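So the chains spell out like this:
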Amino acid sequence: MSLKHAILVLLEQKPGSGYDLAQRFKGGIGHFWSASHQQIYQELKKLSSQTLVEFEVQPQSERPDRKHYRITAAGRSALKTWLLEPTKPERFNSALLVKIYAANLAEPAALVVELEQNLTEHRRRLDEYLSLRCGIRYEWNWIEMLNEARALLTDDLLPTKPVLETLTHHAGPGGRKAA
């Protein structure tokens, strides 16, 4: 993957300025792809010259004019082509893994301290990811319930009595059926 494709994905989701894109790189996509402001602006310039994105200049009174970017049809086509290409397994560089590999050359106590710091950080990230997953499930449950309610309303399939009234009529105290 390249920065080019990450930017095209973000612009496909929502047009914006270079600054807007930099902010989005701090969130969702930033968990697995990063880019500096400078890299983003350089890539936007290239994408614009390749007509994969276009921009509209928005004048600002107290700041330099702002360029508001959006993906073009050619950009969507390039993105779709890239999405269909096979992806090679990723390799990554990790200074910590090199240190672990060479642990026999170091003082164990210092390396253990660094491992503990990394464990703390990765546990924090895992908590954040689990929280995000919980939030996603929560929203999907709402969407499913609201779609179901809309379908019932649209198809006139609602019960004639509210569900709670039906339950309390047939059940005694504590939800037990009346004798």
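Note: the structure precedes this text.
What you see is a predicted model; the values in this text were computed from it and never measured.

The next thing to look at is the environment of Q39. Its place among the elements puts Q39 in helix 3 (residues 37-49). Since its relative accessible area comes to 40%, Q39 is described here as partly exposed. Each C-alpha atom, one on Q39 and one on L3, is 8.3 Å from the other, the two residues being 36 residues apart in sequence. A distance of 2.8 Å separates a polar atom in the side chain of Q39 from the backbone nitrogen of S36.

In terms of nonpolar packing, the biggest core is built from 20 residues, with I7, L8, L11, L21, F25, I40 and L44 touching the most fellow members. Secondary-structure elements contributing two or more residues to this core are helix 1 (3-13), helix 2 (18-25), helix 3, strand 2 (66-71) and helix 4 (73-84). Here the element with the most residues in this core is helix 1; it accounts for six residues. The residues contacting I40, other than those within four sequence positions of it, are L3, I7, G18, L21, A22, F25 and A35.

Another aspect to go through is the pattern of salt bridges. Two side chains carrying opposite charge are able to pair once their charged atoms lie near each other. Using the criterion set out here, one finds eight salt bridges in the structure. As a salt-bridge pair, K46 and E43 come within 4.0 Å of each other at their nearest N and O atoms. Remark: E43 and K46 occur in helix 3; sequence separation between them is three residues, near one turn of the helix. Since its relative accessible area comes to 46%, K46 is described here as partly exposed. Here the salt bridges share partners, and the residues they tie into one network are E121, R124, R125 and E128.

We now examine the packing of helix 1 against helix 3. At a minimum axis separation of 10 Å, helix 1 and helix 3 run at an interaxial angle of 80°. With respect to each other, helix 1 and helix 3 are oriented roughly perpendicular. Residue-level inspection shows L3, K4, I7, L8 and L11 of helix 1 in contact with helix 3, the latter providing Q39, I40, E43, L44 and L47. Of the residues that constitute the contact of helix 1 with helix 3, the class distribution is seven nonpolar, one polar and two charged.

We now examine the packing of helix 2 against helix 3. Running from N to C, helix 2 and helix 3 point in directions that differ by 130°, and their axes come no closer than 9 Å. Taken together, helix 2 and helix 3 sit at an angle that is classed as oblique. Between helix 2 and helix 3 the crossing geometry is right-handed. Residues G18, Y19, L21, A22 and F25 of helix 2 pack against H37, I40, Y41 and L44 of helix 3. A breakdown of the residues in the contact of helix 2 with helix 3 according to their chemical character gives seven nonpolar, two polar and no charged.

Another point: helix 3. For helix 3, with 13 residues, the first-to-last C-alpha span of 19 Å sits near the 18 Å given by 1.5 Å per residue. Within helix 3, burial applies to I40, E43, L44 and L47. One face of helix 3 carries all of its buried residues, which in axial projection span an arc of 105°. Facing away from the buried side of helix 3 by more than 90 degrees, the exposed set consists of Q38, K45 and S49.

Criteria and cut-off values
Residues numbered from 1 in each chain as written. Predicted model: local features only at pLDDT ≥ 70, side-chain atom pairs only at ≥ 80, totals over all residues. Heavy atoms only, no water. Helix = DSSP H or I, 4+ residues; strand = E, 2+ residues; numbered from the N terminus. Buried < 20%, exposed > 50% of the residue type's maximum accessible area, 1.4 Å probe, protein only. Polar contact = N/O pair within 3.5 Å; in protein donor to acceptor, adjacent residues only side chain to side chain. Core = buried A, V, L, I, M, F, W, Y, C linked by side-chain atoms within 4.5 Å. Contact = heavy atoms within 4.5 Å. Salt bridge = Lys/Arg side-chain N within 4 Å of Asp/Glu carboxyl O. Axes fitted to C-alpha atoms, helices over the stretch in contact; angles between N-to-C directions. Parallel < 35°, antiparallel > 145°, perpendicular 65-115°, else oblique. Nonpolar A, V, L, I, M, F, W, Y, C, P; charged D, E, K, R; others polar. Left-handed = near helix turned anticlockwise from the far one by under 90°. Expected span 1.5 Å × (residues − 1). Arc of directions from axis to C-beta.

The quantities given are spatial measurements derived from coordinates; they are silent on function.
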